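Coordinate analysis (summary)
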Amino acid sequence: AAHTNRPLVGGCALFRGCSAGFLDRLASALRERDLDAETVVFRAGEACKELVIISSGFVDTYEEVAASVAGGPGGEEVSDSLGPGDTLAEVSFVFGIRHFKTARVSRHKKVLAFVLSAEAYRELLKAFPSQEDVVMDNAMHQYEGMTTARSHKSKLSVGGASSAGGSSHRSGSEKGSDKAPSASGQSDVGNGKGGVVSLQKILARAKN
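What comes next is a walk through the structure. On a predicted model such as this, the values are computed, not experimentally measured, just so you know. (Residues numbered from 1 in each chain as written. Predicted model: local features only at pLDDT ≥ 70, side-chain atom pairs only at ≥ 80, totals over all residues. Heavy atoms only, no water.)

1. Let's talk about the nonpolar core
Inside soluble globular proteins, nonpolar side chains tend to come together where they are buried. So the rule is basically this: For this analysis, a nonpolar core means a set of buried residues of the types Ala, Val, Leu, Ile, Met, Phe, Trp, Tyr and Cys, connected via side-chain atoms within 4.5 Å. Partly exposed residues are those whose accessible area sits between 20% and 50% of the maximum for their type, while under 20% is buried and over 50% is exposed, using a 1.4 Å probe and protein chains only. Secondary structure elements follow DSSP: runs of H or I no shorter than four residues count as helices, runs of E no shorter than two count as strands, and numbering proceeds from the N terminus. Here a residue-residue contact requires only that any non-hydrogen atoms of the pair lie within 4.5 Å.
Residues Val9, Phe15, Phe22, Leu26, Ile53 and Val135 are the most contacted members of the largest nonpolar core, which totals 37 residues. Counting only elements with at least two residues in this core, the list comes to helix H1 (2-10), helix H2 (20-29), strand E3 (50-56), helix H3 (90-95), strand E7 (102-105), strand E8 (111-117), helix H4 (118-127) and helix H5 (131-165). Take this core: its biggest share by element is five residues, from E8. Discounting chain neighbours no more than four positions away, the residues touching leucine 26 are Val9, Phe15, Leu116 and Leu124.

In structure tokens form, the structure reads like this:
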């Protein structure tokens, strides 16, 4: 199993720059898991007990969107679609906080995943303590990269809607893009400029 998992682990952005010994041990600690289509992998607000690495198939992550002032309904909207080689809940796992998103297997196709328990990860860090900072840095860069991309996409979407409609009014779903989830899974107002709540704020809330 470790031999099979090693290329998968080595290709994960979360483990970029980690030592070969660390990656070998990590690969041997993974456990295989099959997930049927539309299976909920975890929900926002739940404790994060494991890291999930996707080997095949796709998983969608969702953010909770508050009801708009104009009366638009709240609910969930897809924030990312992740596939082979991607990790799920890396920020929650690495920093020991609750899930701030919900993850669900995409429709029509099951997922083959490999999971690393929090306990196994702690034991791994005892043997390779210097690798913790490397993984933490990678987790922060991944989060910041995804939120920057979503913020840019949201601005383009809003600009297009305004031009097409000849109005500055936005739909309820578009207003939801100004909000980012807290560690408890609830949406919070952004910085007033359509920005996303920073990772530092999420971590700060999780410690309260």
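Alright, that's what it looks like, and here's the rest.
2. Some thoughts on the pattern of salt bridges
Just so we agree on the cut-off: Basic side-chain nitrogens of Lys or Arg form a salt bridge, by our definition, when they fall within 4 Å of a carboxyl oxygen of Asp or Glu.
As enumerated under the stated definition, the model contains five salt bridges in all. Across the salt bridge formed by arginine 6 and aspartate 24, the nearest N and O atoms sit 2.6 Å from each other. Of this pair, arginine 6 sits in helix H1 while aspartate 24 sits in helix H2, and the two are 18 residues apart along the sequence. Using a relative accessible area of 41% as the deciding quantity, one classes aspartate 24 as partly exposed. Across the pair glutamate 50 and arginine 33 runs a salt bridge whose closest N-O atoms are separated by 2.4 Å. Of this pair, glutamate 50 sits in strand E3 while arginine 33 is found in strand E1 (residues 31-35), placing the two residues 17 residues apart along the sequence.

3. Overview of the sheet that holds E8
Consider a sheet: its strands pair through backbone hydrogen bonds, and that pairing is either parallel or antiparallel. Applicable threshold: We treat two strands as partners when DSSP finds at least two bridges between them. Axes, fitted as lines to C-alpha atoms, cover a helix only where it is in contact. Angles between the N-to-C directions of the axes lie from 0 to 180 degrees.
If you trace the four strands from one edge of the open sheet to the other, you get E1-E8-E3-E6, paired in antiparallel fashion. Every interior strand has two partners, whereas the edge strands, E1 and strand E6 (87-88), have only one. Packed onto the sheet, H4 meets E3 and E8 and runs at close to 55° relative to E8.

4. Notes on H2
Filter applied, for reference: Picture the helix axis, draw a direction to every C-beta atom, and the arc is the one those directions span.
Of the positions making up H2, those classed as buried are Phe22, Leu23, Leu26 and Ala27. Relative to the axis of H2, the buried residues are bounded by an arc of 130° and lie together on one face.

5. What about the packing of aromatic side chains?
Just so we agree on the cut-off: Pairing of aromatic rings covers Phe, Tyr and Trp, the last through its six-membered ring, and needs centres within 6.5 Å; plane angles under 30 degrees mean stacked, over 60 mean edge-to-face, and all others mean tilted.
Applying the stated rule across the entire model yields four aromatic pairs. Aromatic side chains phenylalanine 100 and tyrosine 143 sit 5.9 Å apart centroid to centroid with 85° between the ring planes, which places their arrangement in the edge-to-face category. Residue phenylalanine 100 is located in the loop between H3 and E7, and its partner tyrosine 143 is located in helix H5; the two are separated by 43 residues in the primary sequence. Neither residue differs from the other here; phenylalanine 100 and tyrosine 143 are each classed as buried. In this structure an aromatic cluster arises from ring pairing among Phe15, Phe22 and Phe128.

6. Some details on the packing of H2 against H4
Operational definition: Angles below 35 degrees are treated as roughly parallel, those above 145 as roughly antiparallel, those between 65 and 115 as roughly perpendicular, and all remaining angles as oblique. Left-handed describes a crossing in which the near helix is turned anticlockwise from the far one by less than a right angle; the clockwise case is right-handed. When residues are sorted by character, Ala, Val, Leu, Ile, Met, Phe, Trp, Tyr, Cys and Pro go into the nonpolar class, Asp, Glu, Lys and Arg into the charged class, and all the rest, Gly among them, into the polar class.
Axis separation between H2 and H4 bottoms out at 11 Å; the angle between their running directions is 155°. As the angle between them shows, H2 and H4 are arranged roughly antiparallel. Here the hand of the crossing between H2 and H4 comes out right-handed. Contacts from Phe22, Arg25, Leu26 and Ala29 in H2 reach Ala120, Tyr121, Leu124, Leu125 and Ala127 in H4. For the contact of H2 with H4, the per-class residue count stands at eight nonpolar, no polar and one charged.

7. Side note on the sheet that holds E7
Spatially, the four strands line up as an open sheet ordered E2-E7-E4-E5, and their pairing is antiparallel. Looking along the sheet, the strands with just one partner apiece sit at the ends: strand E2 (40-42) and strand E5 (75-82). Ignoring which end each strand starts from, the neighbouring axes of this sheet average 35° apart. One ladder, built from seven bridges, connects strand E4 (residues 59-65) with E5; its direction is antiparallel. Within E5, the residue paired with threonine 61 across the bridge is aspartate 80.

8. Re unusual backbone geometry
Trans peptide bonds make up the majority, and among non-glycine residues the majority have a negative phi. Of note, the phi angle at alanine 89 is positive, near 65°, even though the residue is not glycine. With respect to the helices, strands and loops of the structure, alanine 89 is situated in the loop between E6 and H3. The phi torsion at histidine 108 lies on the positive side, around 75°, for a residue other than glycine. Relative to the helices and strands, histidine 108 resides in the loop between E7 and E8.

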